[in-house]
Amino acid sequence: MSTHPHPPRELSFGVFDHMDRGRLPLADQYEQRLQLVQDYEQAGFYAYHLAEHHSTPLGIAPSPSVYLAAVAQRTRRLRFGPLVYTLSMHHPLRVAEEICMLDQMSRGRLEVGFGRGVSPYEIGYYGVDPAQAQSLYHEGYQVIQQALTRERVDFAGTHFHFREVPVVLQPYHQTPPPIWYGVGLPQGADWAAENGINIVCNGPASGVRAVTDRYRERWNAIGATGPLPRLGVSRHVVVADTDAQAMAIASRAYTLWRERLMHLWVKHGTQPASLAFPERFEQAQAAGLGIAGAPSTVRQWVEEEVARTGINYLVCRMAFGDLSYEESARSTRLFGDQVLAPLSRAPVGAAADSSALTA
């Protein structure tokens, strides 16, 4: 296996938020979540990633840029962004303009994820043929890259045609913000590695490890230099004073979150092939998809998860279901003080792999 040397990257931590509907009035949920985002910044998280969903209680921030504009004003250091903009449902020039606005408003703290959209029902409600989603995404991504790097957009594709469209907005640092991409299969890592794109995975550790190994193999094969991009996995995380307290909280909240996750699939009488989350949190934890425990329990689990998956970035789902602000804030503080701080001080190369794959 090629082991082209590159500088190590320290383990870092982010937060992923579906913004699924809890039990509060919407205005109160938005306000409390913004308070929680400030807690994430205080705890030392690298970035806050927000999902985009439509016509489902799984996501009540269907316009990520609107909510993230408030995040930009409530924070000073925390990086943030959509994970992902669903490009099959949006006009790419509008997305590029919103990216520039958010990056300018935050003075360069934006991190941008792009995707085609995981739910055929959400896409279909917008009048988009799910069979066209991938090609719409592909063309939209190319248009956005032009809009973020050139003085005009010229593009001719199947879905979009632009000729000498002036570009008047630019990112804060005059270069595109860091890009993120969701990867589910190992072969999807090749394009990301070739373009230096950060990735986030879901699913069991063995599948994630296949993706991160493939990414490193491709990264080394092309002779890439500089720090390896962030290779992440998303997991539910609840921290409390004891294991029993954390499990009770996580079990209750996960039940509502999963109900939100499955809402459209149940409505249409189908099952999602790529969203294999068990019915109960205890089962999810046993499958390695999350952790609930006291700080020492969670810290040990994180160390083991890094070794299992080969990641250098853990994306925590800290607020979900009917977790109260107080529960999530307490979990965030405990995680920040007793897990994040001690574990983000050392490179993860040795933990990621014992076969000389450095991170």
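1. Thoughts on the packing of helix α3 (residues 92-105) against helix α5 (residues 133-149)
Phase 1 of the analysis: Packing of α3 against α5 leaves a shortest axis separation of 9 Å and a crossing angle of 45 degrees. The angle between α3 and α5 falls in the class oblique. The chirality of how α3 crosses α5 is right-handed. Two secondary-structure elements touch here, α3 through P92, L93, V95, A96, I99 and C100 and α5 through G140, V143, I144, A147 and L148.
Phase 2 of the analysis: Residue composition of the contact of α3 with α5, grouped by class: 10 nonpolar, one polar and no charged.

2. Here's the deal with the confidence of the model for the protein chain
Phase 1 of the analysis: Chain-level statistics for the protein chain give a pLDDT mean of 93 and a share of 93% at 70 or above.
Phase 2 of the analysis: Confidence over residues 350-359 falls short of pLDDT 50; this stretch has 27 contacts with residues more than four positions distant or in other chains.

3. Let's talk about the packing of aromatic side chains
Phase 1 of the analysis: On inspection of all chains with the given rule, the structure shows 19 aromatic pairs.
Phase 2 of the analysis: When the ring of W180 is compared with that of Y313, the centres are 5.2 Å apart and the planes differ by 40 degrees; the resulting orientation is tilted. Pair noted here: W180 is in strand β8 (residues 179-182) and Y313 is in strand β12 (residues 313-317), with a separation of 133 residues, a long-range link.
Phase 3 of the analysis: The class of W180 is buried, set by a relative accessible area of 1%.
Phase 4 of the analysis: A connected cluster of aromatic rings, assembled from ring pairs, spans F13, Y30, Y40, F45, Y48, Y67 and F335.
Phase 5 of the analysis: Between R230 and the ring centre of Y46, over which it is positioned, the NZ or CZ distance is 3.7 Å.
Phase 6 of the analysis: Taking the ring centre of Y313 as reference, the NZ or CZ of R230 above it sits at 5.9 Å.

What counts and what doesn't
Position numbers for residues start from 1 in each chain and track the written sequence from start to end. Per-residue local features of the predicted model are confined to residues with pLDDT of at least 70, and side-chain atom pairs are confined, for both listing and counting, to 80 or more; whole-chain, interface and lining totals are unaffected and use all residues. Hydrogen atoms and water are omitted, and side-chain values are computed over all heavy atoms in the structure. Between the N-to-C directions of two axes lies an angle of 0 to 180 degrees, each axis being a line fitted to C-alpha atoms and, for a helix, fitted only over the stretch in contact. Strands here mean DSSP runs of E at least two residues long; helices mean DSSP runs of H or I at least four residues long; both are numbered from the N terminus. Any angle that is under 35 degrees is reported as roughly parallel, and any over 145 degrees as roughly antiparallel; angles of 65 to 115 degrees are reported as roughly perpendicular and all others as oblique. It is the rotation of the near helix from the far one that decides the hand of a crossing: anticlockwise by less than a right angle makes it left-handed, clockwise makes it right-handed. We call two residues in contact whenever any of their non-hydrogen atoms come within 4.5 Å of each other. Each residue gets one label: Ala, Val, Leu, Ile, Met, Phe, Trp, Tyr, Cys and Pro are nonpolar, Asp, Glu, Lys and Arg are charged, and the others, such as Gly, are polar. The score called pLDDT rates the predictor's confidence residue by residue, from a low of 0 to a high of 100. Aromatic pairs are defined between Phe, Tyr and Trp rings, using the six-membered ring for Trp, whenever the two ring centres lie within 6.5 Å; interplanar angles under 30 degrees are classed as stacked, those over 60 as edge-to-face, and all others as tilted. Exposure is judged per residue with a 1.4 Å probe applied to protein chains only, and the accessible area is read against the type maximum: over 50% gives exposed, under 20% gives buried, and values in between give partly exposed. Whether a charge sits over a ring depends on NZ of Lys or CZ of Arg being within 6 Å of the ring centre and within 35 degrees of the ring normal.

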